[in-house]
Structure formats: structure tokens, C-alpha cells
Amino acid sequence: MSEMVSHAPAQGNVKYGILWMVAAMFMFVIVDSVGKYLSLSYPVLQVVWGRMFFHLLFMLIFMAPRVKTMMVPNNGSVVYLRAVLVLVMTIGSVAAAQLIPVATLHAIALLSPMMVTAMSVPILGEKVGLRRWTSILVAFVGALLIVKPGADVLDLGALIAVATIVVYSAGHIVARYASKFDTPSTVLFHTALLGAVVTTLFTPYFWQAPDMEGWALLALIGAVSGLGHYAIVKAFSFGEASTIAPFSYSSLIWAMLIGLMFFGEFPDTLTLAGAAIIFGSAIYMWHREKVLGTAA
């Protein structure tokens, strides 16, 4: 991959950004599900180490000819800010998945597009009209049905999940900005590098020797996590954050299917009702943006 000074988003190819986002959500549900399984036997930070270390290792193996072009980012401060946010988000998501169902984790994650939209206005200068803000408000009502403030579900796991989603949303904004200066591969490489180095420094304090299955699953989440983060950066290189982000809602579909198949988990009635409201809001936003051609 050749070096590029600027990587402006291809605004005419928003559909590709949407496809990348849906693919990324599937990958992250796989990672969270495997991470949940691993966290039942290994410390949370060791699972995070596996994601980061094998993410970096696979990049070094499969992208060896391009590593030199990725070593020095054009905008290092933004790239490493995203790397820190991703590390914090990864720790939070593994910890939350250990405590609550994967589908509930991804139902809470439906808050992210609202946060991204709110952040995209002051930080990126993107325009969001009254109808889109109304859709966001309606989606927030749906999110309240999922999170259920004051109910038993709002336990430590849910609180960790909410905090993680705030960090995750900030990472979306930074990814959108980083794509203007560096390739997705460069952003991804430094994200993995920082995460691997930091978690490796702390391994003596939490290490538990994995068996063969443990090593295989740690390697799997590293590889799939790397692909997922690449897909996120690619998605935001094709269009505005406030347009692409709502399609992260697809994660709930993947999470419900995988949670049911492997953990016997299924969202309750209020969670499904809230998700339906949020999906309806997202469809309305997409319809106005793509069919009517307006961000109002």
C-alpha cells in the first residue's frame, strides 16, 4: 500500500461504508462471544492481551511488505489517541461481556450512534438537521427500554458497558478524523502496537497458562478483532460518521443469534421493544439521507 498524505472520504460510496460497518459488527460480536467464553477461565486482561498481541502478530506476518510504510503515521497524535481509546474500550467490553449476556451488551451498544451523532457536530463540523435529531431522541427512548434505569439489569456489567460505549463512540469520531491523514492499515497497526505493548508489560501480574484451546481462541479473537477494527476505519472513510454509525445497530441481530446458539441467551421483551424502536429510527434516518437526499 503506497503512502498517502490525505485520505478524504469517498462521499459517493456511502453504501460501501455501510457494508463495512455491518461486517465489522458481525466480527465484533464473534470477538465478544469468544471473549466471554475465555473470561470464564482466564483473567480479563489476559483476554485483552490475546486480542491485542495476536492482532499485531497477524499484521506483522500478513502485511510484512507494507510494515515500513505504516511505521510512522502522518498524524501520530490522532492515531495514538484512537489506540488508547480502543485499548480502554477493549478492556471494558471484555469485562462487561463477562457479567452480562452478549445480546444485552450489544443492545446497550445501540446508544453509540446517538453519541457519535452528538459528537460529530462540534468535533467534525458535520450538519445534523431537526428530523435527524428527533430520530435520535426517539432512539434514545428505545435505549432506555433496553438499559432500564433503576431495574436490576442496570448492574455493574451494564454500567461498565455504558461507559465502554462512550469511549467506543469517541473512537468512532477519532477514526473518522484519522482517515483523512492515514491509511486504515496504519491506524490499525499502531492501535495493535500500543495495545500489545501496554498489556504485555502487565502480563506478569495476571498471567494464567492457557491450554491448547485457550491459545487457539486467543489467536482467533486477535485475528478477528484486527479485521473488525480495519472494517470500522474503512467504513468511516466512505462517508460522514453520523450517516455510517447507525448501521452498527446490526450488531444486536448478530448478538441475539450467537447468544442464543452458544450461550442459550435471549433478550427480554423490553429489550426487544427498545431495539425495534431504535431500528425504526435508524431506518427513517437512512431513508431521509439516501432516498430523499437530505440530512435535515
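Residues numbered from 1 in each chain as written. Predicted model: local features only at pLDDT ≥ 70, side-chain atom pairs only at ≥ 80, totals over all residues. Heavy atoms only, no water.

### Let's talk about the nonpolar core
The tendency in soluble globular proteins is for nonpolar side chains to be buried side by side. Filter applied, for reference: Buried residues of nine kinds, namely Ala, Val, Leu, Ile, Met, Phe, Trp, Tyr and Cys, make up a nonpolar core once their side-chain atoms join them within 4.5 Å. The rule is simple: take the accessible area with a 1.4 Å probe, protein chains only, and divide by the maximum for that residue type; under 20% is buried, over 50% is exposed, in between is partly exposed. Whether two residues touch is decided by their heavy atoms; if any such pair falls within 4.5 Å, the residues are in contact.
Ranked by internal contacts, the top residues of the largest apolar core, which has 81 residues, are Leu38 and Ile232. Once residues lying within four places of it in the same chain are set aside, the contact partners of leucine 38 are Val47, Gly214, Leu217, Leu218 and Ile221.

### Overview of the side chain of aspartate 32
Note the cut-off: Runs of H or I in DSSP of at least four residues are treated as helices and runs of E of at least two as strands, each being numbered from the N terminus.
Within the element layout of this structure, aspartate 32 appears in helix H1 (residues 14-39). Every residue in contact with aspartate 32, bar those within four places of it in the chain, is listed here: Arg51, Ser93, Ala97, Val102, Leu105 and His106.

### Section: the packing of aromatic side chains
Heads up, the rule is: Pairs were defined over the aromatic rings of Phe, Tyr and Trp, the Trp ring being its six-membered one, requiring ring centres within 6.5 Å. Orientation was assigned from the angle between planes: stacked under 30 degrees, edge-to-face over 60, tilted for the rest. Either the NZ atom of lysine or the CZ atom of arginine qualifies as a charge over a ring when it sits within 6 Å of the ring centre and within 35 degrees of the ring normal.
One pass over the structure, following the stated rule, counts 12 aromatic pairs. Between tryptophan 49 and phenylalanine 53, the aromatic rings sit 4.9 Å apart at their centres with planes inclined by 15°, giving stacked as the arrangement. Placement of both tryptophan 49 and phenylalanine 53 in helix H2 (residues 44-62) is noted, with a separation of four residues, approximately one turn of the helix. Taking relative accessible area as the criterion, phenylalanine 53 reaches 30% and is therefore assigned partly exposed. For tryptophan 49, a relative accessible area of 7% gives the class buried. Each member of the aromatic cluster is reached from another via a ring pair, and the members are Trp49, Phe53, Phe54, Phe58, Phe62, Trp207 and Trp215. Lying across the ring of phenylalanine 263, lysine 36 places its NZ or CZ 5.8 Å from the centre.

### A short note on helix H13 (residues 250-263)
Convention followed: The span one expects for a helix is its residue count, reduced by one, times 1.5 Å.
Over its 14 residues, H13 extends 19 Å from the first C-alpha to the last, a length consistent with the 20 Å expected when each residue adds 1.5 Å. A positive phi of about 65° marks glycine 264, the residue just after H13.

### Quick look at the confidence of the model for the protein
Put simply, the rule is: Known as pLDDT, the predictor's per-residue confidence is scaled from 0 to 100.
Here the protein averages 80 in pLDDT, and 85% of its residues register 70 or above. Taking the mean pLDDT of every element in the protein, the minimum, 70, falls on helix H12 (residues 241-244) and the maximum, 91, on H2. Scored below 50 in pLDDT, residues 1-11 shows 31 contacts in the model against residues more than four places distant or in partner chains.

### Quick notes on the pattern of salt bridges
Condition: In what follows, salt bridge is the name for a side-chain nitrogen of Lys or Arg lying within 4 Å of a carboxyl oxygen of Asp or Glu.
Evaluated as defined, the whole model comprises one salt bridge. For arginine 51, the salt bridge is made with aspartate 32, and the minimal N-O distance between the two is 3.9 Å. Placement of arginine 51 in helix H2 and of aspartate 32 in helix H1 is noted, with a sequence separation of 19 residues between them. Aspartate 32 carries the same exposure label as arginine 51, and that label is buried.

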